Amino acid sequence: QVQLAESGGGLVQAGGSLRLSCAASGSIFSNFVMGWYRQAPGKQRELVALISTSGYTNYADSVKGRFTISRDNAKNTVYLQMNSLKPEDTAVYYCNAKDVSATITVAWGQGTQVTVSS
């Protein structure tokens, strides 16, 4: 069983930056595909970025070139560096862990609010 805890959300002006962190505990972090999702009010939860166990990354088109996902297996932590933030990035951001096949979710974090003001 793995537990996830996000941090780093907050209020930022458009054009600014934030870095989200997700600390994992309870299992072997390096075995999991890690991802960030977000959910804006009235909208479905959507994938923002994924990073595989080997470091391969994938991004939603809406964040390509602005967001960077990374992982530090020694610290059991995955990060989301968000630059050039836009008001439409406002959402609750959730950390997610999947099994090595990337098809089965094993854990969600509690979420952290990101608000971008115009």
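Details of the structure are given in the entry above.
Attention in this report is confined to the structure presented alongside it. Bear in mind the structure is a predicted one, so any value in this text is a computation, not a measurement. (Residues numbered from 1 in each chain as written. Predicted model: local features only at pLDDT ≥ 70, side-chain atom pairs only at ≥ 80, totals over all residues. Heavy atoms only, no water.)

What about the overall build of the chain?
The helix and strand tally for the chain stands at zero helices and eleven strands. Beginning at the N terminus, the succession of helices and strands in the chain can be written as β-β-β-β-β-β-β-β-β-β-β. Taking 2.2 N^0.38 as the reference for a compact globule, 118 residues should give roughly 13 Å; the C-alpha atoms of the chain span a radius of gyration of 13 Å, in line with that estimate. Considered along the principal axes of its C-alpha atoms, the chain spans approximately 40 × 25 × 25 Å. By the burial criterion, 43% of the 118 residues in the chain qualify as buried. Residue pairs at least 24 apart in sequence account for 55% of intrachain contacts in the chain once pairs closer than 6 positions are excluded. Carbon and sulfur atoms form 49% of the exposed surface of the chain, whose accessible area is close to 6,000 Å². (Helix = DSSP H or I, 4+ residues; strand = E, 2+ residues; numbered from the N terminus. Rg over C-alpha atoms; globule rule 2.2 N^0.38 Å. Buried < 20%, exposed > 50% of the residue type's maximum accessible area, 1.4 Å probe, protein only. Contact = heavy atoms within 4.5 Å. Areas by Shrake-Rupley, 256 points an atom, 1.4 Å probe, with all protein chains shown as cover.)

Things to note about the sheet that holds strand β8 (residues 77–82)
On the basis of which strands lie adjacent, the open sheet formed by four strands has the order β1-β3-β8-β7 and antiparallel pairing. The sheet terminates laterally at β1 (3–7) and β7 (67–72), the two strands that pair on one side only. On average, each strand axis in the sheet is inclined to that of its neighbour by 15°, with strand direction left out of account. (Pairing = 2+ DSSP bridges. Axes fitted to C-alpha atoms, helices over the stretch in contact; angles between N-to-C directions.)

Observations regarding the environment of Ser 84
Its location among the elements puts Ser 84 in the loop between β8 and β9 (91–98). As for Ser 84 and Arg 66, which are separated by 18 residues in sequence, their C-alpha atoms are 6.1 Å apart. Residues within four places of Ser 84 in sequence aside, it is in contact with Gly 15, Gly 16, Ser 17, Arg 66 and Asp 89.

What to know about the pairing of β7
The two faces of a sheet get side chains in turn, since along a regular strand they alternate between them. Residues Phe 67, Ile 69 and Arg 71 line the buried face of β7, whereas the alternating positions Thr 68, Ser 70 and Asp 72 sit on a face that is not buried. Here six bridges tie β7 to β8, and the two strands are oriented antiparallel to one another. The partner of Asp 72 across the bridge, within β8, is Thr 77. Adjacent in sequence and paired antiparallel, β7 and β8 are bridged by four residues, among which Asn 76 carries a positive phi angle near 55°.

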